[in-house]
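What follows is the residue order along each chain.
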Amino acid sequence: MTYRILCCDGGGIRGLITALLIQDLNRNVAGFIDRAELFAGTSTGGLISIGLARGVSIDDIIAVYKTKGSEIFTPNGWTLEQIERQRTLGPLSAEELMTGPGVVDCEYKSDGLQRVAAELLGDGQLSDCKKTVVVNAARLWDGTSWQAATMSNLKSNSFRDIAMVDAALATAAAPTYFPAHEVKPFGYFADGGVFANNPAMTAIAEVLGSGADLAIGDLRVLSLGTGDNPQGIPPATIGDPLKWGASYWLWPWQSGDTPAMPLISLIFACTSGSVTAEAQKLLGDAFRRADVPLAKPYPLDDWKNVAELEDLTHAYLKTSEWQKTLEWASDHWTTASG
């Protein structure tokens, strides 16, 4: 038996990149989307995966990223112009530390995201999806502690009957950007990117642990990123490491060579990279990773530059590296299931 898993990373508005890659795969590999048995996603990738598992067209998903950015990222109290001005400031004063979205309050409301998710996904439950779907969210309290929660519509999963919209908002509740999302009766959840920004390993574990008649050798896993952001903290930027307290690690805006929210960016990027390495060792040629190299960082809320993201993705689609991914998909995705 061949069991195909499509995995979609987190990355906010850069989910447009993932969606465009899927669109191209579907154009060039016969029945690519229809042949997938499982869609797995984290954060923005969770929205894509739930949509595909429900039967939403990839064109409609792309349209969300291209036209709904300003609605998804609705400022929490401040105007976008005020946020942009705040992002140009140097180190915060004590007074400034007590004001402003992303510092004390969440930067964005979740109302717009909820409306967009509801329009895309409807009012059904995860269990109503036509295909198997797996998404990740960080549960803030399970009765004794917090929990790395993997939500799916498999019969053994305790979250299978929650609303699709709730699953989408739970997996996408990026700390400091969006408020934690409540899913009754399970409590509050934050973005699954804090532990599985690349959902490949949680998807593999979920399906193999479900009791399905599958072996590791049956799996074919394609993992798609949201753009390879050239981010890090150069040695010259560190200065005195003793000064790197919360005001540096959690600084909400880019400062020189240091990315915005460097701790969160570090967690998201490194969890994705480690999962890629683990899946490659586990599956060998049955695993394929594709991502668009970016010349500069694009924050997860950078909806004003979606046209640039689209152009960069279309340029990547013409590269030999992407051609190798299409060839891999033709070889590994089109064999008949047993």
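Keep in mind it's a predicted model, so treat the numbers as computed, not measured.

**Observations regarding the packing of aromatic side chains**
Alright, step 1. Taken as a whole and judged by the stated rule, the model has ten aromatic pairs.
Alright, step 2. Ring centres of F73 and Y108 lie 5.2 Å apart, and the angle between their planes is 65°; this geometry places the pair in the edge-to-face category. Linking F73 in the loop between α5 (69-72) and β3 (74-75) with Y108 in strand β4 (residues 108-109), this pair joins segments that are 35 residues apart in sequence. One exposure class covers both F73 and Y108, and it is buried.
Alright, step 3. Judged by centre distance (5.2 Å) and plane angle (45°), the rings of W244 and Y248 are tilted.
Alright, step 4. Under the relative-accessibility criterion, Y248 is labelled partly exposed at 37%.

**Points about the packing of helix α3 (residues 44-54) against helix α9 (residues 164-171)**
Alright, step 1. For the pair α3 and α9, interaxial distance at closest approach is 9 Å and the crossing angle is 160°. With respect to α9, the element α3 is oriented roughly antiparallel. Between α3 and α9 the crossing geometry is right-handed. On the side of α3, the interface is formed by G46, L47, I50 and R54, while α9 contributes M164, A167, A168 and T171.

**Some points on α9**
Alright, step 1. Of all the eight residues making up α9, seven are buried; the element is thus mostly covered by neighbouring parts of the structure.
Alright, step 2. Buried within α9 are the following residues: M164, V165, A167, A168, L169, A170 and T171.

**Here's the deal with the pattern of salt bridges**
Alright, step 1. What the rule picks out here adds up to ten salt bridges.
Alright, step 2. A salt bridge links R160 to D161; the nearest nitrogen and oxygen atoms lie 3.8 Å apart.
Alright, step 3. Classification of D161 as partly exposed rests on a relative accessible area of 46%.
Alright, step 4. The partner of K296 in a salt bridge is E308, and the shortest N-O contact between them spans 3.6 Å. Within this pair, whereas K296 is found in the loop between β10 (287-290) and α15 (306-316), its partner E308 is found in helix α15, the two being separated by twelve residues in sequence.
Alright, step 5. With relative accessibility at 30%, the residue E308 sits in the partly exposed group.
Alright, step 6. In the salt-bridge network here, residues are joined through shared partners; they are K68, E71, R115 and E119.

**Notes on the pairing of strand β9 (residues 219-224)**
Alright, step 1. With six of six residues buried, β9 is to be regarded as a mostly interior element.
Alright, step 2. Alternating residues of β9 divide into L219, V221 and S223 and R220, L222 and L224, and every residue in both groups is buried.
Alright, step 3. Note that strand β1 (residues 3-8) and β9 share six bridges and pair parallel. Bridged to C8 within β9 is L224.
Alright, step 4. Bridge analysis of β9 against β10 gives four bridges, and the strand direction is parallel.

**Some details on the nonpolar core**
Alright, step 1. In terms of nonpolar packing, the biggest core is built from 75 residues, with L6, I22, I50 and M151 touching the most fellow members.
Alright, step 2. Examining the composition of this core, we find that seven residues originate from one element, helix α1 (residues 15-28), more than from any other.
Alright, step 3. Contact partners of I22, with chain neighbours within four places excluded, come to L6, C8, F32, I33, I48, L52, I58 and L224.
Alright, step 4. Residues I5, A40, L283 and F287 belong to the second largest nonpolar core, which totals 18 residues.

**Describing α3**
Alright, step 1. Of all eleven residues making up α3, ten are buried, and the element is well covered by its neighbours.
Alright, step 2. G55, located one to two residues past α3, shows a positive phi value of around 110°.

The rules behind the values
Residues numbered from 1 in each chain as written. Predicted model: local features only at pLDDT ≥ 70, side-chain atom pairs only at ≥ 80, totals over all residues. Heavy atoms only, no water. Phe/Tyr/Trp six-rings, centres within 6.5 Å; stacked < 30°, edge-to-face > 60°. Helix = DSSP H or I, 4+ residues; strand = E, 2+ residues; numbered from the N terminus. Buried < 20%, exposed > 50% of the residue type's maximum accessible area, 1.4 Å probe, protein only. Axes fitted to C-alpha atoms, helices over the stretch in contact; angles between N-to-C directions. Parallel < 35°, antiparallel > 145°, perpendicular 65-115°, else oblique. Left-handed = near helix turned anticlockwise from the far one by under 90°. Contact = heavy atoms within 4.5 Å. Salt bridge = Lys/Arg side-chain N within 4 Å of Asp/Glu carboxyl O. Pairing = 2+ DSSP bridges. Core = buried A, V, L, I, M, F, W, Y, C linked by side-chain atoms within 4.5 Å.

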